[in-house]
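Summary of the model geometry
One letter stands for each residue in the lines below.
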Amino acid sequence: DAGITQSPRHKVTETGTPVTLRCHQTENHRYMYWYRQDPGHGLRLIHYSYGVKDTDKGEVSDGYSVSRSKTEDFLLTLESATSSQTSVYFCAISEGGGSYEQYFGPGTRLTVT
Amino acid sequence: AQKVTQAQTEISVVEKEDVTLDCVYETRDTTYYLFWYKQPPSGELVFLIRRNSFDEQNEISGRYSWNFQKSTSSFNFTITASQVVDSAVYFCALSDGMDTGRRALTFGSGTRLQVQP
């Protein structure tokens, strides 16, 4: 199994507070992704990174920002959490080169009250 | 824009039955990858298979088989002799084109498979 951890695994927060989710990998993979999973929508891409300090937006990036200062860490920040951001967040990594498959972390369940 | 459709929201079968999960995709890219992932009740996402758009050969792995037909933009997944442990949500996914730099996946909404003993 790919070495991917996410923290925290569960979080309850109030509307308007900032929240940061962390993804940590030990595989030295170049690509990292943040997805959110909601019923009826599968997984949707929030942001991704193609290298240290290289990030870009996905389809549902509004209200989220990311940072990647080291290969192994990819942070997702909700600047001011809203109830619509209640979701399960998955981090994924991909090696790059000829390898397109993504390996996922265990997920973070975020509830915004 | 890319799209993946899994029209079957939920399927229920009895153990030992065969079951096919359908996946239809839309893309303007000429080179891409298709994937299946399994999400068991515990919640993790497990990679099952990758198929590239050049290769239309069917693939079999134990009780699992995959049928890729580029002409109909379909990538269906069959479980033979289903078992209770196959109960999960299964996601089909489509990669960005191989000539783009993004390498993100577009997922279908998933099919929940329940295998009854």
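The structure under discussion appears in the preceding block.
So, here's what we can say about the structure. (Residues numbered from 1 in each chain as written. Chains lettered and ligands numbered in written order. Predicted model: local features only at pLDDT ≥ 70, side-chain atom pairs only at ≥ 80, totals over all residues. Heavy atoms only, no water.)

1. A closer look at the state of the cysteines
For the coordinates displayed, the defined rule picks out two disulfides over all chains. Bridging Cys23 of chain A to Cys91 of chain A, the disulfide has an S-S length of 1.9 Å. Of note, the bridge from Cys23 of chain A to Cys91 of chain A carries an S-S torsion of about -70° and is left-handed in sense. Placement of the pair is Cys23 of chain A in strand β3 (residues 19–25) and Cys91 of chain A in strand β9 (residues 87–94), with a sequence separation of 68 residues. Like Cys91 of chain A, Cys23 of chain A is buried. Through a disulfide, Cys23 of chain B is tied to Cys92 of chain B; the S-S separation comes to 2.0 Å. Its S-S torsion of about -65° marks the bond between Cys23 of chain B and Cys92 of chain B as left-handed, since a negative value means left-handed. In this pair, Cys23 of chain B is assigned in the loop between β3 (19–21) and β4 (24–26) and Cys92 of chain B in strand β10 (residues 88–95), connecting sequence segments 69 residues apart. Residue Cys92 of chain B is classed as buried on the basis of its relative accessible area of 0%. (Disulfide = S-S within 2.5 Å. Helix = DSSP H or I, 4+ residues; strand = E, 2+ residues; numbered from the N terminus. Buried < 20%, exposed > 50% of the residue type's maximum accessible area, 1.4 Å probe, protein only.)

2. Some details on unusual backbone geometry
All names here are of chain A. A cis amide bond links Ser7 with the next residue in sequence, Pro8, at an omega value of -10°. For Pro8, the position within the fold is in the loop between β1 (4–7) and β2 (10–13). Phi at Asn28 is positive, roughly 60°, even though this residue is not glycine. Turning to its location among the elements, Asn28 is positioned in the loop between β3 and β4 (31–38). The exposure class of Asn28 is exposed, given its relative accessible area of 61%.

3. Notes on the side chain of Gln102 of chain A
Mapped onto the secondary structure, Gln102 of chain A falls in the loop between β9 and β10 (103–104). What makes Gln102 of chain A buried here is its relative accessible area of 0%. A polar contact is formed between the side chain of Gln102 of chain A and the backbone oxygen of Arg103 of chain B, at a distance of 3.0 Å. When neighbours within four sequence positions are excluded, Gln102 of chain A is seen to be in contact with Tyr33, Tyr35, Ala92, Ile93 and Ser94 of chain A together with Tyr37, Phe47, Arg103, Ala104 and Leu105 of chain B. (Polar contact = N/O pair within 3.5 Å; in protein donor to acceptor, adjacent residues only side chain to side chain. Contact = heavy atoms within 4.5 Å.)

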